[in-house]
Amino acid sequence: VGCTVGPFLGAKMGGARSFAASGLAFLGTVLFVSTLTRETLTAEARKKFNYADINPVAFLKLFKDRTTSLLTCTMTLQSAGDYVNVYDINNLFMIKVLGYGQQQIGKFAMTVGLTQIAGGILSGRLIKATSLKFSTAFSNVMWILGMAMMGTARNTQQAFLALAIWTFGHQRATPVSSY
């Protein structure tokens, strides 16, 4: 929801006001969580903090067997093309190729949030109706098609068609994470 409402409000405010509002919203969230929410785990269920758990190379444990190695590589490669990881490139593309301004980029980003919500709902239904393997393949193919469409887009209609296709690929990591 925040990926939808935030860009919508930011596009309406524009410029420095949108960044100030974003910073204040973040600060408000921190204050809310730190002061008004309670720990959900009982004292017995909490895991004691261990500095070894934040070791920057601890992820290498994921490569001990073939299955976790493949899943880790799949998730890594999938995340390389995630919208948020190529957000700056998308913005430059929209500015240079599509001629977008800040408000149009904000509206596009708001629509990305809406398609992520819809994609989550559709992804869950697809997994239940088919299998993890099929839904992984399907959502990756849809993401590739959406990326190809966006890369060749030369107008707003083509960009939003790419986004519509992305709806079916946004949550492509879900079936992989479910293994």
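Residues numbered from 1 in each chain as written. Predicted model: local features only at pLDDT ≥ 70, side-chain atom pairs only at ≥ 80, totals over all residues. Heavy atoms only, no water.

Honestly, the overall build of the protein in this entry has me stumped. Any pointers?
When you go through the protein residue by residue, the secondary structure sums to eight helices and zero strands. Viewed in the frame of its principal axes, the protein has a C-alpha envelope of about 55 × 45 × 30 Å. Out of the 179 residues belonging to the protein, those deemed buried represent 28%. Taking the contacts inside the protein whose residues are at least 6 apart along the sequence as the reference set, 71% of them involve residues at least 24 apart. Roughly 12000 Å² of accessible area belongs to the protein as shown, and the carbon and sulfur atoms make up 68% of that amount. A gap of 10 Å separates the mean positions of the 16 positive and 6 negative side-chain charges of the protein. (Helix = DSSP H or I, 4+ residues; strand = E, 2+ residues; numbered from the N terminus. Buried < 20%, exposed > 50% of the residue type's maximum accessible area, 1.4 Å probe, protein only. Contact = heavy atoms within 4.5 Å. Areas by Shrake-Rupley, 256 points an atom, 1.4 Å probe, with all protein chains shown as cover. Lys, Arg positive; Asp, Glu negative; His and termini not counted. Charge placed at Lys NZ, Arg CZ, Asp CG, Glu CD.)

Where do I start with the packing of helix α1 (residues 2–13) against helix α5 (residues 102–129) in this structure?
For any two helices packed against each other, the geometry comes down to the angle between their axes and how far apart the axes lie. Where α1 meets α5, the closest approach of the two axes is 7 Å, and the angle between their N-to-C directions is 170 degrees. Between α1 and α5, the interaxial angle falls into the category roughly antiparallel. For the pair α1 and α5, the sense of crossing is left-handed. Between α1 and α5, the contacting residues are Cys3, Thr4, Pro7, Phe8, Gly10, Ala11 and Lys12 on the first element and Gln102, Gln103, Gly106, Lys107, Ala109, Met110, Gly113, Leu114, Gln116 and Ile117 on the second. (Axes fitted to C-alpha atoms, helices over the stretch in contact; angles between N-to-C directions. Parallel < 35°, antiparallel > 145°, perpendicular 65-115°, else oblique. Left-handed = near helix turned anticlockwise from the far one by under 90°.)

In this structure, what is going on with the pattern of salt bridges? I would like to understand it.
Pairs can form between side chains of opposite charge once their charged atoms are near each other. Applying the stated criterion to the full structure yields one salt bridge. Of the charged contacts in the structure, one is a salt bridge between Asp53 and Lys47, with a shortest N-O distance of 3.6 Å. Judged by its relative accessible area of 42%, Asp53 is partly exposed. Relative accessible area serves as the criterion here: at 70%, Lys47 is assigned to the exposed category. (Salt bridge = Lys/Arg side-chain N within 4 Å of Asp/Glu carboxyl O.)

I would appreciate a short explanation of the packing of aromatic side chains in the present structure.
The description of two aromatic rings rests on the distance between their centres and on the angle between their planes. Overall, the coordinates contain five aromatic pairs when judged by the stated rule. When the centroid spacing of 5.0 Å and the interplanar angle of 70 degrees are considered together, the rings of Phe108 and Phe160 count as edge-to-face. Taken together, the positions of Phe108 in helix α5 and Phe160 in helix α7 (residues 156–166) put the pair 52 residues apart, joining distant regions of the chain. For Phe160, a relative accessible area of 31% gives the class partly exposed. For the pair Trp143 and Trp166, a centre-to-centre distance of 5.0 Å together with 25 degrees between the ring planes defines the contact as stacked. With a gap of 23 residues between them, Trp143 in helix α6 (residues 132–152) and Trp166 in helix α7 connect regions that are remote in the sequence. Taken together, Phe134, Phe138 and Phe168 form an aromatic cluster joined through their ring pairs. (Phe/Tyr/Trp six-rings, centres within 6.5 Å; stacked < 30°, edge-to-face > 60°.)

Please explain helix α4 (residues 87–96) as it appears in this structure.
Counting along an α-helix, one turn takes 3.6 residues, and residues three or four places apart therefore face a common direction. Here α4 has its buried residues at Asn90, Asn91, Phe93 and Met94. Each buried residue of α4 sits inside an arc of 160 degrees when the element is viewed along its axis, so together they form one side. In α4, the exposed positions that point more than 90 degrees away from the buried face belong to Asp88, Ile89, Leu92 and Lys96. At its buried positions, α4 is contacted by α5, α6 and α7. (Arc of directions from axis to C-beta.)

What am I meant to see in the confidence of the model for the protein here?
In low-pLDDT regions, the fine details of the predicted coordinates are not to be read closely. Considering every residue of the protein, the mean pLDDT works out to 90; 99% of them sit at 70 or more. Mean pLDDT across the elements of the protein bottoms out in α1 (83) and peaks in α7 (96). (pLDDT = per-residue confidence, 0-100.)

Looking at this model, I keep getting lost on the environment of Trp143. Mind explaining?
The exposure class assigned to Trp143 is buried, which follows from its relative accessible area of 5%. Put simply, Trp143 and Gln78 are 65 residues apart on the chain and 9.4 Å apart in space, counted from C-alpha to C-alpha.

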